[in-house]
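# Observations on chain architecture
Here are the chains, one letter per residue:
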Amino acid sequence: MIQLARRESELRELQNALDEAAAGRGKVVVVSGPVGMGKTTLLHMFGDQAARDGVLVLRSCALNDACTPFSVVEHLLRDLTAFLPDDAAAHRKNLAGLWGDLALEAARHDGAMTEEAARHIDHLTNELLALSALVPILLVVDDLNSVDDQSLGFLTGLIERIWSARVLVVAGEVTGAAEGTAIRWSSLVHQTHCRFIPLRPLAAAEVSELLAESSGFLPTAGIARRCLEITGGSPVLLCALAQDMNAGSYPAGSEPLVGDHFSRVVVSCLHRCAPGVLHIARAVAVLGDDASTDVVALLARRNRDAVSRAVDELTDMGLLNDCRFRHVGARAAALNDMTDDERSTLHGRAARLLYDEGASATVVARHLAATQQIEDAWGVSVLAESAQHALARGDVTLATSCLRPARESCSGKADCARLTAALIRVQWWDNPAAARRQLSGLLEELWAGYLEEPDALTVYGGLFWTGRAAEAARVLERLAEDGAPSRELARMSTWFTAWYPDHPAPGAGQRTDTLALSMDDLWQQRTTEGAPAVMDGFLCAGTPDGPVLGEVLAALTALVHCDPADKAVARCEELEPEVAGAPVAVRALFQACRALVALRAGDTRRALSHAEEALSLMPAESWGVALAVPLACAVSATTVMGHYEKAAAHLAVTLPAAAFDTPFGLLYLQARGQFYLATGRPRNGLRDLWECEQRVSAWRLPVPGLATWRSYAAQALVDIGEVRQARRLMDQQLTSLTRDQVRMRGMTLRLRAATEPPDHRAPVLSKAIGLLQQSEDRLELARAFAELAHTHNVLGEQALARTAAHKCAILAEECAAAPLLDQVFRDFPELRADDAPPPDGPDAPALSSSEHKVAMLASQGHTNRQIAKKLHVTVSTVEQHLTRVYRKLHIRRRSELTLRLALGDMEYAGPRAPHRDAVPVWHARPAPGRCIGLG
C-alpha cells in the first residue's frame, strides 16, 4: 500500500494522547481537514499501531451508514464481540442480545431515543468503561460529520464519562462541511480533555519524499513543484498522480502524467463533499477559464456567500486555485461525472449568462457548441461569428465545433446553405473527405440561388479539388454572369487553367493577380523570377483565409521543376516550422511538395519518407486529384531504390480518373513508366510515357520543367532498339529548351549520347555532366557517370572508366539507388575492394588558382572574351591560362576539358574554398574507401 503522506508529528501527538488515556486520563482527539487530506489513512495507521501495542481498537466509519440509527454502536459492538475470547460465549451472547434489543427499539420508534433505548445505551457504556479497566480502549470514529443523531447521543454520553477512564476517542472531521452541521456535535468536543489536530497540505519537500518513495525515482525540484501545483498538496491526489506515473511509461523529468487514477480520485473527493459543493464544483468545471465567484453563483443559482465557502473548501482540497481547476484533468473528471443532459443544460445556461454579461462571441460559442440543442436565433448568430474569429486565428477545430451546431439549429434554406458552405470551407483544411460528401447538396443550393459569391467560390474549390472540372467551369461561368469582380474571377480562372489545361475558363485571359501571374509564368517556364512570390504565398495558406489548397500545390509543383532546385529546397526548409502547426491538409500537401523537392535533388530516401508521411496524414479519398503527387513520388523513389514490391503497392492505390486531366497526372504516368522500364517492360513504360506527350500536345502546354518523360521515353526506345527515333526525340527536345533549363538539357544530352556510337559519346556525356552538376540532381548525375564509365570501358580506357564508375558509386549510394550501384559493381568488381585507390591519383596535375577559375568557366561554355570580362583580365591572359591547362591535362579541345573536370582528374593548388558555382557536387563527399566497400 502506498504511503499517502508523512504525518510523523500528528502520529506522535495521537500517541501522546493514547499514553495519557492509558494512564487513566481519558481523552478526545478530533483530526480535522478537508476531503482528501489523509484523515482516514492517518486514523487507520494509528489504529493499527495501537492494536500492535495491545490496545483494544474499536472502529466505526459513519459515512457508510449515515442514515442507519445507532450505526456507530453497531460497528463498536461488532469489533468488541470479535475481541472477546472464545471462552466468553455468554458475554458475547449478551452483547448480541443488547444490539438486537436496541435495533428493535429503534425500528419501533423510527430511531427516536426512547427511555428503553437510553437504558440499552447506558448499559453498553458501562460495559465499555468496565472493560477499559482491563485493557486500554481506542475508539476511532471516521467522518464525524456524517454520524447519525442516535450515535451522536451515544458518543456524547460516553465522552462525558471517560475523563477518568482508560479510553481515547479519536474522530475524523471534514472541515468546510455543509452549513450548520458543526452545531450537532459542538457539545461533543467542548470538554477540556478534547484536542484538535488539523491536517495541512503537503509542502514541497514532503511531496518530493512521497514521490521518491512511491515512484521509484528521485523527482527533480521542477517535477515536485509541478506535482504540488496540480494537487495543491493533497495527499490523496498526489498518491493518485504517483499511481498514474507508475502505471504509464512515464519518462522521468517530463510533465507529470495525469490519468485514470487521478480522475477517479477527483470524482470520489467531489462526492464526499456536501451536495451543494458538488453542484458548485460542476458549475466551475463548465465555466472553465470564464469562472469567477459572481458568475459561478449565477450559474449554480446559489448566493455568493455559499459559493465563496464552497470555492474555499474546494481550494483547500487541492482541486481549485483562483476559482478554477488546477489541472485540465481534474476539470475533465468533474465534467465527465455529469450526464450528457446535465452537462448540456449547464453549458446552455452558461452561454446565455455570458452572452448577457457581454462576453466575446468566442467565449459564448464554446458553451453553445457543447449544448445539445440551440433554440434561439442569437445562438446561431454567435456561433457563426465565433467561427469567423476562429478562422482568422487559424483555429480550425473551434470553427468546426461552432459551425456544426449552428447549421443543425438554423432555420431557412439561405442561412442553412450559408452555414454549410462555411463548414465545408473549414473542413477542407482538416477533413477534405467529409467536406466533399456535402458538395452535391450545396451545388444544388447554388443553382437555386441561395449562395452568394464567397460561398459559391467554396463550391468551386471543392469541385476543383475533386476533379469535377466541368461543373467547376460552370460555377465560374455563373460567377461571371452574376458580375463577380474581374480580379477575383481572373485569379480563379488562372488557377483553374493551370490545373485543367483542357478546360478553358472565363476570364482566363485577364490575369491581374500577382500570385496567379507568378504561378502562370512558372508553370509555363517563362521565368523563375516569380518563385519567391509563389513560395511566400504558401505561408498565407496556413490559415483558411489564404489561397485554396489547389493553388498551393500547383505553385510548388511548378516551382520545384525550375532550374536550379536550390531555391525550392531552401524555401521548404524555411517553411517547415511555419507548417508544423497548420491544419492536416496543409501539412499533407507540404509533405507531398517536400517529396517532390527531395526527388528533384535525387534524395530518394527523403522523398519516400515525405511521400509516405503525406499519404498517412490524409486518406486517399481526401486527396482528390492531388493524390497523384505523393503517389508519383513514392513510386519513383521506390523504383530508384529497387523496392519494386513497394512501388507496385503504391501503384495499386486507385487514382481518380480526373487526375489524368491535370499536370499532376503526368507525374504519375511518368513514375509508372519508370517502374515498367526498371522491371523489364519497356513497351508498357513507353505507352505511359507517350500518353504524357499526347496529353501535353492536346493541352498546348509547354511545361518543359515537368517533361522529363521524354528522356525516359528515349531510354525505352533505346531498350527496344528504336535508336533513331530516340535520337530524333532528344534532338527535338534540345531545340525546345532554353539555356537556363540546365537539368533538362543535361538529362537530354545523357540520353542523346546513348544514341551515338561509343567513340562519339564521351564529349556529349561530359557536357551533360557539366550541366547536371549545376542542376544539383545527384541521381541524374550518377546515371550520367554510369553511362560515361560504360563508354570508356567499351573503348578500352580502363582508368577513365574506373574513375567514372567510382564517381557513380558514390552518388548512387547517396541516392540509395541500389540497382544502379549493383550494376556498377558488376561491371567494375574491383571497386568493392578496400584497397581501391582514389580517382584523384598522386600524379594528378595541379592547377593554380587562376588556371582553375579559367578552366571551370571554359568548361561551362563561356567564350574567352566572356571569361576575361568575368575575371577582369585580358583575353590574351585567358588564352595563356588555357594553354597551360591544356598542357598540364594533356588535352587538345574544350570538350575534353569538360570531361577531365567532371571526372576530377586533376588537383587544385589554390585556396580550398572556390566559388560555389565552380565546385563539383562530389567535392565534399565521403572518402572513396568509405563508399566502394558497400554493396
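For the structure given in this document, a descriptive report is provided here.

Moving on to the overall build of the protein chain. The number of helices and strands found in the protein chain is 47 helices and nine strands. Evaluated residue by residue, the protein chain yields a buried proportion of 54% over its 935 residues. Counted over contacts in the protein chain with a minimum sequence separation of 6, partners at least 24 positions apart contribute 68%. Counting only carbon and sulfur atoms, one obtains 50% of the accessible surface of the protein chain, whose full area is about 39,600 Å².

So, on to the environment of His 120. Note that His 120 resides in helix α5 (residues 115-132). Sequence spacing of His 120 and Leu 98 is 22 residues, and the spatial spacing of their C-alpha atoms is 6.7 Å. What His 120 contacts, discounting residues up to four positions off in sequence, is Leu 98, Asp 101 and Leu 102.

Let us now look at the sheet that holds strand β2 (residues 56-61). Within the open sheet, the five strands sit side by side as β2-β3-β4-β1-β5. Their pairing is parallel. This sheet does not close on itself; its edge strands, each paired only once, are β2 and β5 (194-198). Strand-to-strand, the axes of this sheet are offset by a mean angle of 15 degrees, without reference to chain direction. As paired strands, strand β3 (residues 137-142) and strand β4 (residues 167-174) are joined by five bridges and run parallel to one another. Within the sheet, the bridge partner assigned to Val 141 lies in β4 and is Ala 171.

On to the environment of Ala 387, then. In this structure, Ala 387 sits in helix α17 (residues 377-393). A sequence separation of 14 residues divides Ala 387 from Ser 401, and the C-alpha atoms of the two residues are 8.3 Å apart. When neighbours within four sequence positions are excluded, Ala 387 is seen to be in contact with Ala 399, Cys 402 and Leu 403.

A word on helix α15 (residues 340-356). Between its terminal C-alpha atoms α15 stretches 24 Å, which fits the 24 Å expected from 17 residues at 1.5 Å a residue. When α15 is considered as a whole, its buried residues turn out to be Arg 343, Ser 344, Leu 346, His 347, Ala 350, Ala 351, Leu 353 and Leu 354. Buried positions along α15 lie against α11 (275-287), α12 (293-300), α14 (328-336), α16 (361-368) and α17. Trailing α15 by a residue or two, Gly 358 shows a phi angle of about 90 degrees, which is positive.

What follows concerns unusual backbone geometry. Located in the positive-phi region is Asp 322, a residue other than glycine, with phi close to 60 degrees. Here Asp 322 is to be found in the loop between β6 (320-321) and β7 (324-325). Of the residues examined, Asp 322 reaches a relative accessible area of 57% and is grouped as exposed. Positive phi is not limited to glycine here, since Ala 816 has a value of about 60 degrees. Its location among the elements puts Ala 816 in the loop between α41 (798-814) and α42 (818-827).

Another aspect to go through is the packing of helix α44 (residues 864-871) against helix α45 (residues 875-889). Packing of α44 against α45 brings their axes to within 8 Å, and their N-to-C directions diverge by 110 degrees. Classed by the angle they form, the pair α44 and α45 counts as roughly perpendicular. For the pair α44 and α45, the contacting residues are Asn 864, Arg 865, Ile 867 and Ala 868 in the first and Val 875, Val 878, Glu 879 and Leu 882 in the second. Here the contact of α44 with α45 is built from residues that sort into five nonpolar, one polar and two charged.

Glancing now at the side chain of Gln 591. Residue position: Gln 591 is located in helix α29 (residues 584-600). Given a relative accessible area of 6%, Gln 591 falls into the buried group.

Procedures and definitions
- Residues numbered from 1 in each chain as written.
- Predicted model: local features only at pLDDT ≥ 70, side-chain atom pairs only at ≥ 80, totals over all residues.
- Heavy atoms only, no water.
- Helix = DSSP H or I, 4+ residues; strand = E, 2+ residues; numbered from the N terminus.
- Buried < 20%, exposed > 50% of the residue type's maximum accessible area, 1.4 Å probe, protein only.
- Contact = heavy atoms within 4.5 Å.
- Areas by Shrake-Rupley, 256 points an atom, 1.4 Å probe, with all protein chains shown as cover.
- Pairing = 2+ DSSP bridges.
- Axes fitted to C-alpha atoms, helices over the stretch in contact; angles between N-to-C directions.
- Expected span 1.5 Å × (residues − 1).
- Parallel < 35°, antiparallel > 145°, perpendicular 65-115°, else oblique.
- Nonpolar A, V, L, I, M, F, W, Y, C, P; charged D, E, K, R; others polar.

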